[in-house]
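Now for the letters of each chain:
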Amino acid sequence: MSGPKKLTGSNGKIGPEEAEASNSEERKHATLLRNDLIAGDEEIVARVMESAKFATFPSGHKLIEQGDTDDCVYFIIAGSTKVRINNRHIDVRGAPHTVGEMAAKKAGEVRTADVIVQSKQLDALVLSGTDFRKIMQDFPGFSDRLAELIDNLSRSKIAQLGEAVERKGLPWVALSGIVSVGAGVIGGAALWAANFDLLYVFWGGLSVALAGFVCMVQLNPDFRYRNISGMAAIALILSIVYGSISFAVTVDGQRLDLPLIDFSVNTDQKLKVHTINSFVLLALATIMAIFDLKLTSSRNSR
């Protein structure tokens, strides 16, 4: 069997250009073998080198833009990139890793991060999303490693975003505090203008401030579904407890100086209303919890 074919010049020797081309191909091959997704599989290396196009990008070039719908995957041969989400630094990726694989795993996925060349130059093999998905279909091990890689990247991204929020001092909580103080001052001033005693002015203003703070925290857009679900669940528990106490006390004929529901009058009708109310709160808590799970899952898959 004949050995590998050598690139030679007209004089039978390997010239500078041919030697450079040979080294380039060897470099691509060696780098791809070290790629986490390929994991040393020669067949996958052959497929990537056959289907991908080699390209060089200058420093500062934006390979991937957040929100775009292109699905090319970049197998980095040399150089490094920085990954940013909403202008926040998330990660640095360099050879022999890939960038762009998250959106390429499923047709139609949008880019969830900006990927910018960080090194002076970036050499990469650019593979279309279609060819990338064909490799996923033909090589189950490749697909499994991709799923594991995305899971690890998602966990890392969540941790870094959480640290960034902590470093910023939870601005939404600070905003909630400012709004609650303002609401408390306005509420206290209104009570003072209505000629209430100073004690009522203090406690009234404090109550308005606390209520405003709780409402603002619940309106945090990052956790809107989770907060609504939590509030509905708490309301459901309180409603059941309050209704049960009201039913037990009023049906037994006991008289207490409490604002209870009088179930001794129109008992069936009030029980139906109370039951419907409980089911509505249960449905709201469940639906919002499902929305929160979907939102969290969507963020994790990016």
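Preceding block: the structure.
Q: Where do I start with unusual backbone geometry in this structure?
A: A negative phi holds for most residues other than glycine; trans holds for most peptide bonds. In this chain, A95 is followed by P96 through a cis amide linkage whose omega measures 10°. If you trace the backbone, P96 turns up in the loop between β5 (88-94) and β6 (98-99). Here N86, not a glycine, exhibits a phi torsion of approximately 55°, which is positive.

Q: Honestly, the sheet that holds β5 in this entry has me stumped. Any pointers?
A: As a general point, the strands of a sheet are linked pairwise by backbone hydrogen bonds and lie either parallel or antiparallel. Here we have 4 strands laid out as an open sheet, ordered β2-β7-β4-β5, and antiparallel in their pairing. Two strands lie at the open edges of the sheet, namely β2 (62-64) and β5, each paired on one side alone. The sheet shows a mean angle of 30° between the axes of neighbouring strands, taken without regard to direction. For β2 and strand β7 (residues 114-117), the ladder comprises 2 bridges, and the chain directions are antiparallel. Residue pairing for β7: I64 is matched across the bridge by V115.

Q: Quick question: what am I supposed to make of the side chain of R133 here?
A: Following the sequence through the fold, R133 ends up in helix α4 (residues 129-138). Judged by relative accessible area, R133 falls into the buried class, the value being 16%. Looking at R133, its side chain comes within polar contact range of the side chain of D71, at 3.2 Å. In this structure R133 touches D71, A104, K105, K106 and A107, once residues within four positions along its chain are discounted.

Q: Explain a nonpolar patch on the surface to me, please; I cannot follow it from the model alone.
A: On the surface, L199, F202, W203, L206 and L210 cluster together into a nonpolar patch covering about 540 Å² of accessible area. Along the chain, the position of F202 falls in helix α7 (residues 198-218).

Q: So what exactly am I meant to see when it comes to the sheet that holds strand β8 (residues 121-127) here?
A: Strands sit in the order β1-β8-β3-β6 across an open sheet of 4 strands; the sheet is antiparallel. One side of each edge strand has no neighbouring strand; the edge strands of this open sheet are β1 (53-58) and β6. As defined by bridge partners, strand β3 (residues 73-78) adjoins β6 across 2 bridges and the pair is classed as antiparallel. Among the inter-strand pairings, Y74 is bridged to a residue of β6, identified as V99.

About the thresholds
Residues numbered from 1 in each chain as written. Predicted model: local features only at pLDDT ≥ 70, side-chain atom pairs only at ≥ 80, totals over all residues. Heavy atoms only, no water. Helix = DSSP H or I, 4+ residues; strand = E, 2+ residues; numbered from the N terminus. Pairing = 2+ DSSP bridges. Axes fitted to C-alpha atoms, helices over the stretch in contact; angles between N-to-C directions. Buried < 20%, exposed > 50% of the residue type's maximum accessible area, 1.4 Å probe, protein only. Polar contact = N/O pair within 3.5 Å; in protein donor to acceptor, adjacent residues only side chain to side chain. Contact = heavy atoms within 4.5 Å. Patch = residues over 30% accessible without salt bridge, like charges linked within 9 Å, V, L, I, M, F, W, Y side chains within 5 Å. Areas by Shrake-Rupley, 256 points an atom, 1.4 Å probe, with all protein chains shown as cover. Salt bridge = Lys/Arg side-chain N within 4 Å of Asp/Glu carboxyl O.

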